[in-house]
Structure formats: C-alpha cells, structure tokens
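Tertiary structure, described
Residue strings, one per chain:
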Amino acid sequence: MPEPTKKDETPNGEKVWSLGEGQAPEDLDKPVDTPPLSSLLIERPQGGSITVGGDISFVAKVEAQDLLRKPTIKWFKGKWMDLASKTGKHLQLKETFDRRTKIHTFEMHIIKAKDNYAGNYRCEVTYKDKFDSCSFDLEVKELEQSQSVDIRSAFKRSSEGHEDAGDLDFSGLLKHREPKQDETPEVDVWEILKSARPDQYEKIAFEYGITDLRGLLKRLKKTKKEEKKSEAFAKKLDPAYQADKGGKIRLVVDLADPTVELKWYKNGQEIRPTPNQRKFIFEQKGTQRILVINNCGLNDDAAYSVAAGEEKCTTELFVKELPVKITKEIEAVKTTVNERIELECEVSEEGAQVKWCKNGVEVPTGPRSRYRVKSDGLKHWLIIDDASKEDTGTFSLMASGGTSEAKVQVELKPLKIIQDLQDMTVLLGQPLKMHCEIFPGNVPGRWYRNGQLIQSNDRINILQRAKNHRLEIVNSTIHDAGDYTFVPEGYTQSLCAKIHIVDPPRVHLESLNFPDNTVTIVAGNKLRVEIPISGEPAPRVVWMKGERVILDSGHRVRAETFPDHTSLTIDIAEKEDTGNYKIVLQNEAGEAGASVKVKVVDIPDPPEVPLVTEVGGDWCSMTWEPPIYDGGSPILGYFIERKKKQSSRWMRLNFDLNKETTFEPKKMIEGVPYEVRVFAVNAIGVSKPSEPSKAFVPLAVTSEPTMLVVDDVTDTTVTMKWRPPDTIGAAGLDGYLVEYCIEGTDDWRVTNKELTEKTKYTITGLPPEAKILVRVRAINAAGASTPRTLQHSILVKEVIEPPKIRIPRHLRQTYTRKVGEAVNLVIPFMGKPRPKVSWLKEGQTVDPTQVTIRNTDCDSIIFIRKAERKHSGKYDMKVEVENHVDTAIVDIQIVDLPGPPQCVKIDEVWGGNVALDWTPPKDNGNAAITGYTIQKADKKTMEWYTCIEHYHRTCITITELVVGNEYYFRIYSENMVGLSECATQTKDSALIVKEGMQLKNPEYIDHDFKEPPKFTQPLINTFAIAGYNATLNCSVRANPRPKVIWMKNKIAIIDDPRYRMFSNQGVCTLEIRKPSPYDGGMYSCKAINDLGDALVECKLEVKVPTQD
C-alpha cells in the first residue's frame, strides 16, 4: 500500500496529498504501516515552478556530526526513475562538504527545462540503518493559449509512443482504492481542472480515477487539435475503460465500412483468436465489432487498439484490484505444553498475500523456525508442532482489507512423581548414581546440592530420557555428601534425598612433591612439614623416629594433628635431626602408615688455591681443586673473582655457575698485575672464598703486519714494504723480522740479523730469476707475532711496465682559464723503468721561457705563472719506456674580454620604434660571443639606460620610445668572461616625431588554449639498482597548469623524504633516493585541473646486485 509521505494544507484548510508518494483520499482514515524515518535531512528540497527553457536547483542538506562516513543519496522522478543515470547537459547532480559546519550539501540542477520535466520528484538519504526521504513537485509553465483541449486525449501511455504521453503510471495507486458503492454522476473533469489550483490536480486525479497525471498536465498546456473525421470508424473506442479484477469488459467500435478488415492489439501485440481459449471473444452486431475480455486480471491492465485499414483508434483498460477481506476469523486456542496448535483463517481471494504476527511482530517462517505457514485456496494456517509456554500471546493475520486476531494460551501439565529420590551411603571414590521418574516426561529440571546449583562437567553427568532423570558422579568425594534436590522446571514441587560418604584413613605424601619422600633443610633453619591426611571419621595420628614417639608437647621437635593434615616441626635444625620419621593413622575404618626422611644440609668448604697456568694479552687460564666437604649437597658450580694487585675491590667474572674446575678470565688490561679467587656453590649457598692466587701480568704479542706488498724488483734484490700491525698492545713494538725462502722449500732464512724499525726493507744477494716467498713478523717483549706472508711468489728479475698516461677527468675536455690566471696541471703516468717524457705544442717544442715543465717518476707538471692568449693551443705529451710509447693531448684555452661590436647604425625610425643593426666584434676574446647589451640615452641628458641584456641577434627593434625625444644608442658585446670594456655608439641620433595618421589596431578574439590534462609521454616500466637513485619521467600537456600527484600502489606520496618531485615545462619527474627492494611496485602519476584529469602508471622493480 502506498505511504503518505507529504501532506500540505491550502489556505482553505483542504489537505493535498502528493500523488507520487501518497494514497487515495478515501484511504486516509485507515492505519498505514510506515517505517520510522530518521531525521537525517536538516534542509529538505522545496517544490517550485519555472517556464520552459529556465533553470532551477533543488538543495538537500544532511548534518554529519554523528556520521562516520558520507551518507548515500538518491534522486528519483516519480516512483521508480533513478536520475543518477539521466545526468547530462540538462540535469546535473552535485555534492559538497563543509568541514567547518560538518554539513553535506546535495544539489540537483535542471538546466533549460522542457515541458516534459514537470512532475513529482523524490530525494532519499540512507546511512547504515537510518533512512529519510522527501518529495517535491516541479511545474513547467508555457505561455497560455486560448484553445480547448480534449481531456481524454491526455490519457495515453508512454508505450504507445506518442510525443505527449506521460512517463508515470498511477494505475498502481488506483488498485489500492476501496470499491465505491454508489455510481458517481457524470461530471466534466476538464472544467474542474481548469478552475482548480495546480496543487489540487493530484487530489482530483485520485477522485476521478485519472491514471496519467503527467499526460493530463501536458494536455492542459497544449492547444487542442482539430480531430479529423474518421473514414473507417463511425464510432471509435472510448478513451478509457475500467473493470474489476475477475470481471468482464466489452470494447465496442462502430465501423463506417463493414467490409474493412479489423485487427485488435494489446500493447502493440496483435490479439489472435484461439479455439480452446475463452479469454478473448470477438463478436459482430451489424456494423459493431466487439472485443470481450473475460476474467480480467492485473496483466490485462494495458493499452488496447483496433486497426481498420490505415486508421487506428486506441483506448486504455484499467483493472481495479479489490482489497482482500477476512471471511472467517481466527479462533482462540487454550492448550498445554508440547501440544500441536493450528490457527486457521479464511480470506476472500485465493492466493492472497497475508502476514502472520505475534504480539504485533511478524512471525519468522524460515527453515529453522518453529512456526510453519500453509495455505489452500482461501484458507491459511499457522502451525506450531511442539507448543511451549513462550507461545502464549496474541496471534494475528493481516491482509490488505483487514486483520483478524486471536489469543493463544499454553499452560503446563500437572506434575506426578512416579519414583522419588532415595537416601544413600557411598564409599569414598565409588560412583554415585541418583534416579527419579516424573510425569510429564519431557519436563526439564535442575539438580541442587545443599541449595547450590549442580552443573554438568567431566565428573558429573546429568541425564534425561523422557520421564527419567539421572545424576551420576563418577568418583565420589567427601564434598559430594549433603542434601540433594531435584526441581522440575516450571513447577513448585521438588524431590529430596540425603547422601553420606565414608572413607578409611589415608596419608597423602604425593601432594608434598618431595623426591623419595625426602625433606631437605638447611642447618640452623626451622623445619615444618605438613602432610595431608583423610579419613571419616577423623583418624588418630602418631609420629615416631626409630622407637621414640614424638609428642605434641616437645620443646625443639614436636608433632601436631589437625582435621585435614598433620605436621612435624623442628625449630632449629641440626645435623643429628637427619633420619626417617614414621606416621601411623588409625580410625574405625582401618589403619594406614607412611615414612618421611629428613636431611639437614649446609654450605660447602672453600676450594683450594687456584693456579694460573697460561697468560695472554688480556686473558689467562686458571685451574683449582674442589672443596673437601660439599655440605651434604652436590657442588653445583663455582664463582670466580679477580682484582688488581694494588686494589682491594674484587669483581665477579661469571654470573652463571661454572660447572668445571677450569676458567679463562678475559678483558684484562695488559701490563697490570692481577689476582684471582674461587667460590664453591651448592644447593644451600655459596662457600667462603679460596685463598688468592699468585699475582700475574697479562702481556700479548702484536697482531701481524698489514698490507705486505712488493715495492721493487731487480735482478738480485727485492724491496718489500708493509704497514704496522693493527694491534700493538702494552708491550709495544721492538721491530720487524723479514724472512724468505725459495719456492717449493720450507727453509725460511732471516734476512736481517738485527730488528728493523722501518716498514720497508730490501732483500739483497738473491740468485737471478729465482722465485721466492717473503714473510714479515712483528717482535715485542711478549714474542713474535703471527707472520704476514705474501700470497704469491716473486720472480727475481727486473720487470718492464709499459707506460700509461692517466689524464685527469677535467683535462679530457678543453681546459679554460682567463688571461692573467695561473695554470698548474699535473698529469700522472705509470711505467718501469723510469719513463722518458717529452712535450710539443702544435708540433713545436715547448718554449721553456713561456711554459715551465717538471717531470718526476710518476707525473709531469705544466706550470704557467701568468697566462696569456698566446699560451692557448694543444699540448702533446709523449711517454716512452724502451720501445713502448703512450701519448696524450691537453687542450688549453686562454680567454679574455671581447671587443665592442662594429658598425652600429640606425636602419629605420617609425612611430615610437627604432630599428638597429650592427656587426659582431672583430676580437671575440678567444671565446664565442654569448650576447649583446643594448642601451639608450636621451640627447638632452645623455644618461644611459639598458634596454635589453643577453641579446643574441645582430639586429633589434627598440619600442616604446617617447615622442618628441631624440635618442642615441650603444651596444656592448659579451662572452663567457664578461662584457666588453667599451661600447660602440651610433653616430646619428633618432628623433621620435608625432605622426598625423593613427593606426587602428584590429581586434582579435583570443584563442581559448584551455584543455584537460593529457600525457604526451607516458611512464615506462623501469629496473633500478638498490642503493642508486632512480628517476621516473613523464610529460603532460594541460591549460590551466595541472596539479600533479605521484602515487605508489595507489597511495599518494606526501612529505616522504625518500622521494623528490619536480615539474618543469610539463615534464614531471619523481626521484627515488637509494631505493631498496621494498620500494618496488606500481607507481602512477595523476594530473588534475578544472577540465578533467589523466593518469599514467608504470612498474618499478628494484634489483640487488650480486657479489661474485
């Protein structure tokens, strides 16, 4: 049933209902089930009217103070048309959010409205389980025309394809109207609509059964066309017909020519007669042709037409659905638990949709529901197979034409005790089983012990089978004794029984967790041993040590007994207290005994004096003997301490016990004397320290020498050089010992009888062309270090090394200096024996008075104290070693300021403009001319002003000169050194005169250069090396200038120091600093401006270089 969602009052007090959202006026007094609307809209769109071609906006606002996300909004036209798919140049939907006021604003703009835009609109807002909606009307007006219109021609459906057909179908609303008992008199609806206000159109449409209000409104605004007289039809079909559902209707047409062929159509599809179907019947009576439709249904609600030759007439059939009424009410039911309940109701129509409710809430009828719904023809049933007390309530059946209610009351059946609980006596640990039997059998119940509810667990099982109830306890305990009660659920009666538990005496030594039932106590401490006992009744306890009974009145050793345990107390433990203690328990159920062993222990004696067996640079090795007496407990380990001999503070060296009788102290200072001592540890504690060891001093040899290389080789000598050891130590470094041996032997010979302090040594007296191995040791007071041995053998023969010139990077291109600056170039080279170096300039020998050249064993130096332009040129360097040669070229350019331009003249003067022309300077300063600087001066003041700088061409037009002034011009030339020292001035002056004629500049329309972003060069998939900067480049064209956003894996990169972003002349660059494999992924660049956006993507893969 439609829901009334909008209701206004006119000045006359009449109520007006929105046809798109409301219900028929005769249904206003009936209750309507409307879901509660949440007040999401704080400002609702209001209806309005515009003329054809006008613009209008509708605004809805939602407060987001309590909303976690943006709500969802939908705009509809009529009931079903979603306007989100209709946006374009005539319809625009916009939404904005004000962060300050926390308000969402949603707008619908209609641009250049047409007459078919009129109608009812609806706005719906949803957020999670909240919902709100609002309806409003739009009226599109045209200029009034004084022409009459046939009102029935407006009721054409859109399916007929007419231009003026409406888009809304209000037949669904008419289906819910109550059938009228009295026939309404014939009225002129057209005259009523002409005299009514626009806000009353919907009410009139409901009242007189008009289904196409939109088409009606269009017809009111258009001029009625002159109907042509039909040649085929003497009488056409009526514009509309109405029939009740299940009824019969006759469509009659009168032909002017009975011989013409006639065809009937339904929604454009031809209706053909069938022999076995009596739905459509075709009849003829003279010139009348009749279509009879039997048993009208909702699918017969359609547009019908009849074609006679080339002519056609149409009509519409509206089928009115009658409300479903209750013909037989539900009867009240009173029953008991577990019985079957059937609620029956009969309605006026077969297959009607009904709803069953309990206490106003719809009854769930799913597969797992206790309720079942069944229907057969006009009858409907609600079935409850196994009724419970919760089913008591008011059940109702709701149909479109009424509701039927009945009360259902479910009560409990009377309780009968077939077998009561029995009192029992059970031996401790034996199973306990209790049983009772009641009627009715399916009633659950609860078990209680001493008033406490009993829950089922691993030890207690609660069972119910029909009318039998059982409580089973697997192993009974003392706590299971008491008064047991079984209470059936829903009844006040209960069943009771007493349970008694008996138990012989027992000693529970296992709960002490003592190994071999032995209790260990430290001498001098107090011992109290509590042993749990059990027995019912409470047993008598006797403690004995040997044949001596321990009484509870003893002074230092005594025994005590309590209801659940017995205890032995020794106030001050002594060594003599060690032994076996016996416990004897007696009661009426029997006798039990057990024994406990007491062991008194103490700390061990100190170990023997430790002995230091070996000393290193910062460590030593020590050993000792275990203590003679371990205190009655095994030795667990040892603690070691050390101290400097001059100090009195001992420092613990190990925090974890050392299990062995050896230890290696570390991190000692070289050259400082130390002493060590040892503590023994058992389970009781730490012994006294041993006597300190004899003092010892740590000293260490140095580490091996480093970077041992061959410096020079001759036919009889080999020169070695090395670097000092990385670690020298407190003993210092006395010198080095150099040794060699012939390859293939182990006969190492000492070359220096006395230690050498230098890190370079020449081994002499070697046999020519022999291969030797060399090693070096560092010597100090602690001894010789590990030798550093050369990895490969050395051939005792002088080696020729071809020359190789190593030109510095900055000299591989032209070396430029200004006049007057110093030139100092160092060119390194390699070669053995010492190479011969020669220099040439442009093929000639270098003049030593102009250029100073100094050569060493490894480099050559060119020095010019004060450079002049004549020093420019190409210098050829040649390095020779016997027949091997290497060459290099050094290009030196000495530059100076250029000369002034030549021949500056005024070519033309017109208006406020002067054209200048000149030739380049004769002297360019040995460097290319990079530009010119043009200045002007008024003849009256001769003050020079710069017009333009860094100008590259040799002709220019100076503009915006003052009329009536006379100007001189001068020009400076410029190269990489700077401006020329003087300028060239024009000989003549330029007089700016006022002209009589004025040129009228034509007006040009500026070209619109605006365009949305478009990437002219996309991103390219790239591989990068980890640790080396990587760049991603693309180019974009847009106007106005776009905003560029870089993203990684679709997440914007903002304020990340690992990334740098550049944008210059449309070229966008992203620099990734020292990427790692985690920086790989999909990178995208997005450009946005007011006209649109564009996006390009690429994949970056970061590879880690492998080390061979």
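As the structure is a computational prediction, the values presented were derived from the model and not from experiment.

Okay, the overall build of the protein chain next. Broken down by element type, the protein chain carries four helices and 87 strands. Within the span of the protein chain, comprising 1108 residues, buried residues form 39% of the whole. A fraction of 63% describes how many contacts in the protein chain between residues 6 or more apart in sequence connect residues 24 or more apart. On the protein chain, roughly 65400 Å² of surface is accessible, and the fraction owed to carbon and sulfur atoms is 48%.

This paragraph deals with unusual backbone geometry. The step from F439 to P440 runs through a cis peptide bond, and the omega angle for that step is 5°. Following the sequence through the fold, P440 ends up in the loop between β32 (432–439) and β33 (445–449). With an omega of 5°, the peptide bond between N1039 and P1040 qualifies as cis. Residue placement: P1040 occurs in the loop between β81 (1030–1039) and β82 (1043–1048).

Turning to the pairing of strand β13 (residues 240–244), a few remarks are in order. Here β13 shows a buried face lined by Y241 and A243 and an unburied face lined by A240, Q242 and D244. Relative to strand β20 (residues 311–320), β13 runs parallel, the two being bridged by five bridges. Along β20, the bridge assignment pairs Y241 with L317.

Right, let's get into the environment of G735. Inspection of the secondary structure assignment puts G735 in strand β55 (residues 735–742). C-alpha separation for the pair G735 and N780, spaced 45 residues apart in sequence, amounts to 7.2 Å. The residues touching G735, leaving out its near neighbours within four places in the chain, are L755, T756, R777, A778 and I779.

The next thing to look at is the sheet that holds β81. If you trace the four strands from one edge of the open sheet to the other, you get β79-β81-β85-β84, paired in antiparallel fashion. On the outer flanks of this sheet lie β79 (1011–1017) and β84 (1059–1064), each paired with one strand and no other. Between one strand and the next, the sheet's axes are offset by a mean angle of 25°, whatever the strand orientation. Two strands pair when backbone bridges link them, and β84 and strand β85 (residues 1067–1072) are joined in this way by six bridges, in the antiparallel orientation. Looking at the pairing, M1061 lines up with L1070 of β85.

Generally speaking, a soluble globular protein has its nonpolar side chains buried in company with each other. Counting residues in each nonpolar core, the largest one holds 27 residues, and the members touching the most others are F58, W75, M108, I110, Y121 and L138. Secondary-structure elements contributing two or more residues to this core are β5 (56–63), β6 (72–77), β9 (103–110), β10 (119–127) and β11 (130–141). When residues no more than four places from it in sequence are discounted, the contact partners of F58 are P45, Q46, G47, G48, W75, F106, E107, M108, I110, F136 and L138. With 24 residues, the next largest nonpolar core counts V507, L509, L512 and A594 among its residues.

Turning next to the packing of aromatic side chains. Counted according to the given criterion, the structure contains 12 aromatic pairs. A centroid spacing of 5.5 Å and a plane angle of 75° characterise the contact between W624 and Y638, whose relative ring orientation is edge-to-face. Here Y638 lies in strand β49 (residues 635–644) and W624 lies in the loop between β48 (620–623) and β49, a separation of 14 residues in the sequence. Where Y1059 meets Y1083, the ring centres are 6.4 Å apart and the plane angle is 50°; that geometry is what we call tilted. Taken together, the residues span a long stretch of sequence, with Y1059 in strand β84 and Y1083 in strand β86 (residues 1081–1089) at a distance of 24 residues.

Taken in spatial order, the four strands make up an open sheet running β30-β32-β36-β35, and their pairing is antiparallel. The open sheet has two edge strands with one neighbour each: β30 (416–419) and β35 (460–465). Adjacent strand axes in the sheet meet at a mean angle of 25°, parallel and antiparallel pairs treated alike. Sheet analysis places β35 next to strand β36 (residues 468–473), joined by six bridges and oriented antiparallel. Across the sheet, residue Q464 finds its bridge partner in β36, namely H469.

As a further point, take the pairing of strand β19 (residues 302–308). Of all seven residues in β19, seven are buried; the element is thus mostly enclosed. With five bridges joining them, strand β15 (residues 262–266) and β19 adopt antiparallel strand pairing. Of the residues in β19, the one forming a bridge with Y265 is S305. Across seven bridges, β19 lies against β20 in antiparallel orientation. In the sheet register, A302 faces β20, and the bridge partner there is L317. Here β19 folds back onto β20, and the loop between the two strands holds two residues, one of which, G309, carries a positive phi near 70°.

What follows is about the environment of V676. One can find V676 in strand β52 (residues 674–682). Each C-alpha atom, one on V676 and one on K643, is 6.6 Å from the other, the two residues being 33 residues apart in sequence. Excluding anything up to four places from it in sequence, V676 contacts P610, V612, M622, E641, R642, W650, E691, P692, S693 and F696.

To continue, consider the pattern of salt bridges. One pass over the full model with this rule turns up 46 salt bridges. One salt bridge in this structure joins E472 and R470, with 3.2 Å as the shortest N-O distance. Taking the relative accessible area as the measure of exposure, R470 reaches 29% and is therefore partly exposed. What you see here is one network of salt bridges that share partners, running through R340, E342, R372 and D385.

Let us now look at a negative patch on the surface. A contiguous patch of negative charge, built from D715, E769, E798 and E882, is present on the exposed surface. You can see E798 is positioned in the loop between β61 (794–795) and β62 (801–805). Taking relative accessible area as the criterion, E798 reaches 45% and is therefore assigned partly exposed.

Summarising the element assignment, L343 is placed in strand β23 (residues 341–347). Taking C-alpha positions, L343 is 8.0 Å from V333, a pair spaced 10 residues apart along the chain.

Turning next to the side chain of D301. Its location among the elements puts D301 in the loop between β18 (288–293) and β19. A distance of 3.0 Å separates the side chain of D301 from the backbone nitrogen of V319, its partner in a polar contact.

Another point: the side chain of T569. Turning to its location among the elements, T569 is positioned in strand β44 (residues 565–570). When its relative accessible area of 1% is taken as the criterion, T569 is described as buried. Each residue touching T569, except ones within four places of it in the same chain, is listed here: K526, L527, R528, R556, V557, R558 and E560.

Turning our attention to the confidence of the model for the protein chain. Low pLDDT marks stretches whose predicted atomic positions should not be read closely. Chain-level pLDDT for the protein chain is 84 on average; 90% of the residues reach the 70-or-more range. Across residues 1–37 the pLDDT falls below 50, and counting only partners more than four positions away or on other chains, this stretch makes 76 contacts in the model. Segment residues 145–185: pLDDT under 50, and 105 contacts once partners within four positions in sequence are set aside and those in other chains are kept.

Thresholds applied
- Residues numbered from 1 in each chain as written.
- Predicted model: local features only at pLDDT ≥ 70, side-chain atom pairs only at ≥ 80, totals over all residues.
- Heavy atoms only, no water.
- Helix = DSSP H or I, 4+ residues; strand = E, 2+ residues; numbered from the N terminus.
- Buried < 20%, exposed > 50% of the residue type's maximum accessible area, 1.4 Å probe, protein only.
- Contact = heavy atoms within 4.5 Å.
- Areas by Shrake-Rupley, 256 points an atom, 1.4 Å probe, with all protein chains shown as cover.
- Pairing = 2+ DSSP bridges.
- Axes fitted to C-alpha atoms, helices over the stretch in contact; angles between N-to-C directions.
- Core = buried A, V, L, I, M, F, W, Y, C linked by side-chain atoms within 4.5 Å.
- Phe/Tyr/Trp six-rings, centres within 6.5 Å; stacked < 30°, edge-to-face > 60°.
- Salt bridge = Lys/Arg side-chain N within 4 Å of Asp/Glu carboxyl O.
- Patch = residues over 30% accessible without salt bridge, like charges linked within 9 Å, V, L, I, M, F, W, Y side chains within 5 Å.
- Lys, Arg positive; Asp, Glu negative; His and termini not counted.
- Charge placed at Lys NZ, Arg CZ, Asp CG, Glu CD.
- Polar contact = N/O pair within 3.5 Å; in protein donor to acceptor, adjacent residues only side chain to side chain.
- pLDDT = per-residue confidence, 0-100.

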